[in-house]
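Tertiary structure, described
So the chains spell out like this:
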Amino acid sequence: QVHLVESGGGSVQAGGSLRLSCAASGRTFSSNGMGWLRQVEDKEFEFVASITSGGVTNYFDSVKGRFTVNRDNAKKTVYLQMNNLKPEDTAVYYCGENWAGLGSMRVEEYDYWGQGTQVTVPS
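First, a word on what this report is: a plain description of the structure on this page.

1. Concerning the state of the cysteines
For the structure on display, the rule yields one disulfide. The partner cysteine of cysteine 22 in its disulfide is cysteine 95, sulfur to sulfur 1.8 Å. Its torsion about the S-S bond being 50°, the disulfide of cysteine 22 and cysteine 95 is classed as right-handed. Here the residue cysteine 22 occupies a position in strand E3 (residues 18-25), and cysteine 95 occupies one in strand E9 (residues 91-98), the gap between them amounting to 73 residues. Across the pair, cysteine 95 and cysteine 22 agree in class, each one buried.

Right, here's the structure in full:
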């Protein structure tokens, strides 16, 4: 079965950068859309960024120009480069698979999620 493991989280000052990684096992990575999703403490899950199986990217408005998503199919890994981090970015970040190959902005359309990695930006 497909397994996703996020890494790269931590605590950084406002304006700093982090690069999250999501390593996948399984045989269908290259055909999956991959999304980054997050949960701010005590709030709903929300869409952050995605990349389709064809490499088309999408971003939530609040992270446009600051975050970049890309994928390396040979390594079965998707990345989220986060620059100019803000306190409002503090959340647990998850990667998820869309088995139709899409990069939906709807969190419920990601079929399998990893366990998440904490990102903290103190204010």
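There's plenty left to go through after this.
2. Some points on the environment of valine 92
Residue position: valine 92 is located in strand E9. Residues valine 92 and methionine 34, 58 residues apart in the sequence, show an inter-C-alpha distance of 17 Å. Residues in contact with valine 92, not counting those within four places in the same chain, are Leu37, Arg38, Gln39, Gly116, Thr117 and Gln118.

3. Here we look at unusual backbone geometry
Most of the time, phi is negative for any residue but glycine, and the peptide bond is trans. Although it is not a glycine, aspartate 42 adopts a positive phi angle of roughly 65°. The topology assignment puts aspartate 42 in the loop between strand E4 (33-39) and strand E5 (45-51). Residue class for aspartate 42 comes out exposed when judged on its relative accessible area of 77%. We note that lysine 76 has phi near 50°; this positive angle belongs to a residue other than glycine.

4. A few points about the pairing of strand E11 (residues 117-120)
Every other side chain in a regular strand lies on the same face of the sheet, so the side chains alternate between the two faces. A one-sided burial pattern is seen for E11, the buried positions being Thr117 and Val119 and the unburied ones Gln118 and Thr120. Taken together, the two bridges between strand E2 (residues 10-11) and E11 define a ladder with parallel strand orientation. Bridging across to E11, glycine 10 finds its partner in valine 119. Two strands pair when backbone bridges link them, and E9 and E11 are joined in this way by three bridges, in the antiparallel orientation. Paired with alanine 91 across the two strands is valine 119, which belongs to E11.

Rules behind the numbers
- Residues numbered from 1 in each chain as written.
- Predicted model: local features only at pLDDT ≥ 70, side-chain atom pairs only at ≥ 80, totals over all residues.
- Heavy atoms only, no water.
- Disulfide = S-S within 2.5 Å.
- Helix = DSSP H or I, 4+ residues; strand = E, 2+ residues; numbered from the N terminus.
- Buried < 20%, exposed > 50% of the residue type's maximum accessible area, 1.4 Å probe, protein only.
- Contact = heavy atoms within 4.5 Å.
- Pairing = 2+ DSSP bridges.

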